[in-house]
Every structure is written in structure tokens, then in C-alpha cells.
Amino acid sequence: QEVLAVAFSVDIVTLPELIDAGLGRRSVAVRVRSIADTAHAENQLEDALRRLEHEWADVAFDVVKYSNIKDTFIVRGTAELRELVDDTKTALGSMRASPYLSPSLEHELERWSRRVSLYNAVLTGVEDVQERWLHIEPVLSATDFQRQFPKESRAFTAADKEFRTFMQQMHFFP
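Note that the structure is predicted; figures quoted are calculated from it, not measured. Numbers given to residues run from 1 along each chain, matching the order in which its sequence is written. For a predicted model such as this one, the threshold for reporting local features is a pLDDT of at least 70, and the threshold for listing and counting side-chain atom pairs is 80 or more; totals across whole chains, interfaces and linings nevertheless cover every residue. Here the side-chain values reflect all heavy atoms present in the structure, with hydrogen atoms and water set aside.

Looking at the nonpolar core
Here comes step 1: Core analysis: the biggest nonpolar cluster contains 32 residues, and Trp56, Phe61, Val75, Leu92, Met95 and Met170 have the highest contact counts within it.
Here comes step 2: By definition, any uninterrupted DSSP run of H or I lasting at least four residues is a helix, any uninterrupted run of E lasting at least two residues is a strand, and each is numbered from the N terminus. Among the elements of the structure, α2 (26–56), β1 (62–65), β2 (73–76), α3 (78–96), α4 (103–140) and α6 (150–172) are those that each provide at least two residues to this core.
Here comes step 3: The element contributing the most residues to this core is α4, with nine residues.
Here comes step 4: Pairs of residues are marked as contacts when any of their non-hydrogen atoms sit within 4.5 Å. Look past the residues within four positions of methionine 170 in its chain and what remains in contact with it is Phe61, Val63, Val75 and Val126. For this analysis, a nonpolar core means a set of buried residues of the types Ala, Val, Leu, Ile, Met, Phe, Trp, Tyr and Cys, connected via side-chain atoms within 4.5 Å. Only protein chains enter the area calculation, which uses a 1.4 Å probe; residues under 20% of their type maximum are buried, those over 50% are exposed, and those in between are partly exposed.

Examining the packing of α3 against α4
Here comes step 1: Comment: axis = line fitted to C-alpha atoms, over the contacting stretch for helices; angle = value between 0 and 180 degrees taken between N-to-C directions. Packing of α3 against α4 leaves a shortest axis separation of 10 Å and a crossing angle of 155°. Relative to α4, the element α3 lies roughly antiparallel. Read as a crossing pair, α3 and α4 show a hand that is left-handed. Together, Thr78, Leu81, Arg82, Val85, Thr88, Lys89, Leu92, Met95 and Arg96 of α3 and Leu109, Glu110, Trp112, Ser113, Val116, Tyr119, Asn120, Leu123, Thr124 and Glu127 of α4 make up the contact between the two elements. Relative orientations are named as follows: roughly parallel for angles under 35 degrees, roughly antiparallel for angles over 145 degrees, roughly perpendicular for angles from 65 to 115 degrees, and oblique for any other angle. Helix crossings get a hand from a simple test, with the near helix turned counterclockwise from the far one by less than a right angle marking a left-handed crossing and a clockwise turn marking a right-handed one.

Description of the pattern of salt bridges
Here comes step 1: A pair is scored as a salt bridge if a Lys or Arg side-chain nitrogen falls within 4 Å of a carboxyl oxygen belonging to Asp or Glu. According to the stated counting rule, one finds eleven salt bridges in the structure shown.
Here comes step 2: Here arginine 147 ties to aspartate 144 by a salt bridge, and the two come within 2.7 Å at their closest N and O atoms. Note that arginine 147 and aspartate 144 are positioned in helix α5 (residues 143–148) at a spacing of three residues, about one turn of the helix.
Here comes step 3: Accessibility expressed as a relative area gives 59% for arginine 147, which makes it exposed.
Here comes step 4: Overall, the relative accessible area of 45% leaves aspartate 144 in the partly exposed class.
Here comes step 5: With a shortest N-O distance of 2.7 Å, arginine 164 and aspartate 160 are connected by a salt bridge. Taken together, the positions of arginine 164 and aspartate 160, both in helix α6 and four residues apart, correspond to about one turn of that helix.
Here comes step 6: With relative accessibility at 10%, the residue aspartate 160 sits in the buried group.
Here comes step 7: What you see here is one network of salt bridges that share partners, running through Glu137, Asp160 and Arg164.

What about the packing of aromatic side chains?
Here comes step 1: A pair of Phe, Tyr and Trp rings is counted when the ring centres sit within 6.5 Å of each other, with Trp represented by its six-membered ring. The angle between the planes then sorts it: under 30 degrees is stacked, over 60 is edge-to-face, the rest tilted. One pass over the full model with this rule turns up six aromatic pairs.
Here comes step 2: A centroid spacing of 5.3 Å and a plane angle of 70° characterise the contact between tyrosine 66 and tryptophan 133, whose relative ring orientation is edge-to-face. With tyrosine 66 in the loop between β1 and β2 and tryptophan 133 in helix α4, this residue pair connects regions lying 67 residues apart in the sequence.
Here comes step 3: When the centroid spacing of 5.2 Å and the interplanar angle of 35° are considered together, the rings of phenylalanine 145 and phenylalanine 149 count as tilted.
Here comes step 4: Using a relative accessible area of 16% as the deciding quantity, one classes phenylalanine 145 as buried.
Here comes step 5: Here a set of aromatic residues connected by ring pairs shows up, and it is made of Trp56, Phe61, Trp112 and Tyr119.
Here comes step 6: Above the face of the tryptophan 112 ring, arginine 115 is positioned so that its terminal group lies 4.4 Å from the ring centre. Both a distance and an angle decide whether a charge sits over a ring: NZ of Lys or CZ of Arg must be within 6 Å of the ring centre and within 35 degrees of the ring normal.

Here's what the structure looks like:
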């Protein structure tokens, strides 16, 4: 109605009524095409957001038992998680750059950006701490080290306990 500048009294309008109202004019057809293109592009953005939601629906850290050490776990498969985070950041950036981004979708993209940033921070922290722990644990847990460096050994034991507790929590609540 707005494009044709004609008021229709019913919800259902037939094609002949639209043509009689001026739909056949080139300027109106161009405007209608523009509206349809915009609606299509907005729908594609919504579909892309739904695909992101689907990809992230079952994402969790894969926490597995480490070696034969009692109650000790590590995260495996962080490369796949890192790839998902990076791909999602790229997708969000592309969507954000779209000229067809509606205010409601922009709000959803912001929510997703915060969510992915938080997940990225946790993933980075876990990767960093776990990598360091995997390198130093065999050395600092050795009896020789504990005997030669009791003060450092106590400090490591406290940090080791904290790491293992955190990883146990991740195991039970990935």
C-alpha cells in the first residue's frame, strides 16, 4: 500500500487490482523489487544466524582422563574448537558488515559476539594453562625435584591441586 500510495480495504489483494493500482509502472516495480531484495537479504542473515546457533548447540569441551593419574583430566580437541571460534568470528563480522542488518539482528549479533568472546577467552586460558601444566608436571612431580626444592615443590603442589580441581569441574560440567 505504501509503495503504490493506494489504500486497500481488504487483506487479500488480487494481481489485477495491483496492476490497476499502478504496479505495472516501472518506478513501482523497481521499488517493489528493492523491497523484495531487502527482505531476501535480511532472511539470508537470519538463516546464517540460525546456522550458527545449530553449529554451537552441542559445543562443549572434550575433557578426557589424562594418563594413569587418578582424577586427572585434560581438554582434547582444542584445535577444532579454535577453528569454530575463528569461523564464527568471521561469520559475525560478515553479517555485521551487511547493509541489510536490521536492529533486532544487530542485537542478536552483539549477543553472539559477547558469547564467542567469552568462550574464546576460556578456551585460550585453558589451552595456555594446560600446555604449561603438561610440560612441567612430570618434572616438578618427580621425587628428586621435591627433595632438592621443597619450597618450589610445595608451590607447585598447590597449583597442581588447583589445576586438577578445575579440570575435574570441567569434566563434570563441560
